[in-house]
Amino acid sequence: MVRASHEIRTAYLKFFEARGHAVRPSAPLVPRDDPSLLFTVAGMVQFKPLYSTPPDQLPFKRATTVQKCLRANDLESVGRTLRHHTFFEMLGNFSFGDYFKREAIEYAWEFVKSELGLDTERVWISVYEQDDEARAMWREIAGVPAARIVGLGKKDNFWGPAGETGACGPSSELYFDTGAANGCGKSDCAVGCDCDRYIEFWNLVFPQFDQQKDGTLVPLAHPGIDTGMGLERTAFIAQGARDNFHSDLFWPVIARLQELSGLEYERDAATRLAMNAVADHVRALVFTLSEGIYPSNEGRGYVLRRILRRASGKLRGLGIHDPFLYRLVDTIVEVMGPHYAELAPTAPRVASLIEAEEQRFLATLETGMARFEDALGAARGRGDAVPGKDVFTLYDTYGFPPELTAEMARDRGKLEFIVTAREKKEWVAAD
Ligand code: ALA
């Protein structure tokens with residue numbers, strides 16, 4: 001049975017190669033031909049055109065990859081939940097008009113059983129609520145009892161397109177029950193709940209449509225398959241770890257952070273959250289910077305800047321006031337370098353870029369924090385609302401991204417932000 005993350009990557013590619021899939025390299029984090037996407041968010045991104053390519057013109061009908069991905073839309077969840085990340089790796093198998101639902105389910109089940117060796121009694125399945133075919137296949141192929149197959153709506157079980165247009169369709173997901181201790185304890189907690197009990201680790205998408213710019217769904221001439229297994233979550237499950245951050249992908253980074261800072265991970269929940277977030281964020285910075293994306297005030301660069309500033313803010317909360325993130329670069333390279341040859345050669349440059357960016361932020365952080373405290377103090381007299389103009393000043397003068405201010409305020413109590421539509425407009429105009 002495979003356990004270590006490097007074994008999971010290799011086993012996955014070998015498994016699908018043995019079943020006729022071309023092993024393709026990861027595409028860069030910046031998609032080559034898709035201006036509607038800031039970053040590669042899924043394994044299928046590099047293959048988008050193939051879903052509508054005529055069969056005789058396809059370079060291959062099946063492919064498998066380990067894809068570098070970045071998603072920053074849920075930044076403030078990172079470190080807080082056991083499973084959210086900015087940078088992550090997606091293991092995928094793809095069919096372009098070749099096999100469809102039945103084989104996708106057969107392959108997934110076989111991999112889960114024979115390669116990962118998971119306790120199948122703890123595996124739950126979700127299907128698109130109208131997809132009776134998938135439901136029946138899970139029962140027939142895998143023998144999953146009806147009670148562990150859950151029908152969910154479009155929000156959970158219809159995927160895509162990535163960006164504005166392209167392949168999309170209903171999906172079926174595999175979840176692992178990590179135990180009641182990780183759950184929210186609510187009586188209606190089940191697959192699809194926002195808590196950490198049922199971890200979705202593999203999404204099998206059945207692309208049947210090609211979404212057009214105007215939102216219409218045109219049926220694909222040849223339906224395909226697009227799957228994504230999250231390596232971090234799978235490693236956590238396969239290793240029986242406490243969570244993603246205790247898997248072999250993150251723990252060495254957190255251990256190094258403890259060693260360099262003298263801080264105890266187990267001190268309290270805020271420390272754990274901060275260290276998780278830092279480990280995640282430094283990894284994202286190392287991968288993006290190694291591809292030549294730099295922190296800036298717009299687009300991709302601004303995503304990096306927000307990630308770095310959040311990590312820096314978390315470290316300050318732990319009492320670290322000097323540049324520190326850059327000191328973790330070597331450990332990231334030790335963990336990830338064996339699979340990503342691009343990391344080691346760029347590491348010294350990446351470390352100095354991170355240090356310089358940290359310095360830039362730290363120069364205003366202390367005065368910004370004083371300003372933040374003032375805003376909080378004033379807000380108490382106003383029904384706990386921090387006015388948008390303070391959020392803007394913190395952003396404009398001290399470089400605090402608005403969601404960083406919002407998160408810091410939430411961490412301090414029940415403070416809400418009152419940002420009026422006019423203020424939003426003013427910010428945009430001032431930008
Ligand atoms: N493209 C699918 C996803 O990202 C597999 O979940």
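To be clear, the structure that these remarks concern was listed above.
Remember, it's a predicted structure, so these values are computed and weren't measured experimentally.

Chemist: Got a minute to help me understand the site of the ligand in this structure?
Modeler: Close to the ligand lie A42, R71, M90, W159, N203, V205, D226, T227 and G228. Note that an oxygen atom of the ligand is positioned 2.9 Å from one of the side-chain N or O atoms of N203. Contact distances for the ligand include 2.9 Å between a nitrogen atom and a side-chain N or O atom of D226. The fraction of the free accessible surface of the ligand (220 Å²) that becomes covered by protein chains is 95%. Here the shell around the ligand gets three residues from one element, more than from any other, and that element is strand β11 (residues 225-230).

Chemist: Which parts of the structure should I look at to understand the environment of F361?
Modeler: Along the chain, F361 turns up in helix α10 (residues 343-380). For F361 and S312, which are 49 residues apart along the polypeptide, the C-alpha to C-alpha distance reads 8.1 Å. With near-sequence residues (within four places) excluded, F361 lies in contact with R309, S312, G313, Y398, G399, F400 and L404.

Chemist: How should I be thinking about the pairing of strand β7 (residues 166-177) in this particular structure?
Modeler: Side chains on a regular strand alternate between the two faces of the sheet. Across the 12 residues of β7, 12 count as buried, placing the element largely inside the fold. Summarising the sheet, strand β4 (residues 123-128) and β7 pair through five bridges and their orientation is antiparallel. Note that in β7 the partner of V127 across the bridge is S172. Note that strand β6 (residues 158-159) and β7 share two bridges and pair antiparallel. Residue pairing in the sheet places W159 in a bridge with G169 of β7. From the end of β6 to the start of β7, which pair antiparallel, there are six residues, and G160 there has a positive phi angle of about 100°.

Definitions and cut-offs
- Residues numbered from 1 in each chain as written.
- Predicted model: local features only at pLDDT ≥ 70, side-chain atom pairs only at ≥ 80, totals over all residues.
- Heavy atoms only, no water.
- Near = heavy atom within 4 Å.
- Polar contact = N/O pair within 3.5 Å; in protein donor to acceptor, adjacent residues only side chain to side chain.
- Areas by Shrake-Rupley, 256 points an atom, 1.4 Å probe, with all protein chains shown as cover.
- Helix = DSSP H or I, 4+ residues; strand = E, 2+ residues; numbered from the N terminus.
- Contact = heavy atoms within 4.5 Å.
- Buried < 20%, exposed > 50% of the residue type's maximum accessible area, 1.4 Å probe, protein only.
- Pairing = 2+ DSSP bridges.

Purely spatial values, then, with no claim about function.
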